[in-house]
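# What the coordinates show
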Amino acid sequence: MRALVVLFSLMLSMSLSAAEKLPVVTSFSILADMVHQVGGEHIQITNMVGPDADAHTYEPTPDDAKALLSAKLIIKNGLGFEPWLDRLVTSTETKATVISASHGVIPRSLDEDGETVPDPHAWHNLANAELYVANITNALIAADPANKADYERNSKTYLKQIYALLAEAKVKLGSLPPGNRKIVTSHDAFGYLGQAYGIDFMAPQGLSTEREPSAAEVAALITQIRQAKVKAVFMENIKDARLLKQIADESGAHIGGTLYSDALAAKGPASTFTGLFEYNLNTLYDALGRP
């Protein structure tokens, strides 16, 4: 009888440990969704910068520090996107594995206040998003090899969605009239998308939303918009729209809608990464698809 009780206790503890989920911390909402798509039911995600929030200006909380200490895996974007996370990882001395989802991306280099820096917004090119998914999948398998088959299956399913979007983007953005390929957004977040489809994105702010443009820079952009006959100005979900509205009013460009740049929407079609990309794609096409 006692042997049966011991065996039952052992089986119970084994089933409990099998039910435990891998604790993963993600730096911002777009990554959190990508990781969820691959990890599914086997992981417990704690995300730091939420929907409609700005990762460039984020200040970590004590709860973030606790989450890092409890995590087995920390997934960040990399390319200098989250310097605050790098500092928090160092200060907490967490034992979690830290990986960059953007590993392997060939970064765009931009001039930011006289310094050459990598553009971190690589997810806006779906060819790079494929690398993100591969890096996330490999990291989850390394941290939790028992569920390798599920992670690989989820990854393949997710990549099918991304490939379908790639085909749609090629058709829609590839068909934009030549005169409608100059676009203004709040900050320089869409360079990888522009690079992929021959679109020139201009912005009053640089790579980071922390830097406020000077009056002279705004005036120069308005002149550039007029000279280039830019058709539309697009707002962003993470930014105050007042400056963009002023630029649209003074330049004569119309407001083409809202684009989702560095964060998912809290609800609605852009509340997942593939939903965000499709929403941006349709917003651009609806505003610029006709001559």
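Below, the structure is looked at part by part. On a predicted model such as this, the values are computed, not experimentally measured, just so you know. (Residues numbered from 1 in each chain as written. Predicted model: local features only at pLDDT ≥ 70, side-chain atom pairs only at ≥ 80, totals over all residues. Heavy atoms only, no water.)

### A look at the pairing of strand β2 (residues 43-49)
The pairing of strand β1 (residues 22-28) with β2 spans 6 bridges and is classified as parallel. Each bridged residue has a counterpart across the sheet, and for Phe-28 the counterpart in β2 is Val-49. (Pairing = 2+ DSSP bridges. Helix = DSSP H or I, 4+ residues; strand = E, 2+ residues; numbered from the N terminus.)

### Regarding the environment of Leu-276
Within the secondary structure, Leu-276 sits in helix α10 (residues 273-288). Overall, Leu-276 belongs to the buried group, its relative accessible area being 0%. A sequence separation of 246 residues divides Leu-276 from Ile-30, and the C-alpha atoms of the two residues are 8.9 Å apart. (Buried < 20%, exposed > 50% of the residue type's maximum accessible area, 1.4 Å probe, protein only.)

### What about the packing of aromatic side chains?
The description of an aromatic ring pair rests on the distance of the ring centres and on the angle between the ring planes. Summed over the entire model, instances satisfying the criterion amount to 6 aromatic pairs. Measuring from centroid to centroid gives 5.3 Å for Tyr-260 and Tyr-279, while their planes differ by 80°, and the two rings are edge-to-face. Note that Tyr-260 is positioned in the loop between β10 (254-259) and α10 and Tyr-279 in helix α10, a separation of 19 residues in sequence. Tyr-260 gets classed as buried once you look at its relative accessible area, which sits at 14%. Residue Tyr-279 is classed as partly exposed on the basis of its relative accessible area, which comes to 30%. An aromatic cluster of at least three residues, connected via ring pairs, comprises Phe-28, Phe-81 and Trp-123. Of note, Arg-108 hangs over the ring of Tyr-192, and the distance from its end group to the ring centre comes to 5.8 Å. (Phe/Tyr/Trp six-rings, centres within 6.5 Å; stacked < 30°, edge-to-face > 60°. Lys NZ or Arg CZ within 6 Å of the ring centre and 35° of its normal.)

### Observations concerning the packing of helix α8 (residues 215-228) against helix α9 (residues 242-251)
Relative orientation of the contacting elements α8 and α9 amounts to 45°, with a least axis distance of 9 Å. Looking at the two axes, α8 sits oblique to α9. Where α8 crosses over α9, the two elements pack in a sense that is right-handed. Contacts from Val-218, Leu-221, Ile-222, Ile-225 and Arg-226 of α8 reach α9 at Leu-243, Gln-246, Ile-247, Glu-250 and Ser-251. Looking at side-chain class alone, the contact of α8 with α9 contains 6 nonpolar, 2 polar and 2 charged residues. (Axes fitted to C-alpha atoms, helices over the stretch in contact; angles between N-to-C directions. Parallel < 35°, antiparallel > 145°, perpendicular 65-115°, else oblique. Left-handed = near helix turned anticlockwise from the far one by under 90°. Contact = heavy atoms within 4.5 Å. Nonpolar A, V, L, I, M, F, W, Y, C, P; charged D, E, K, R; others polar.)

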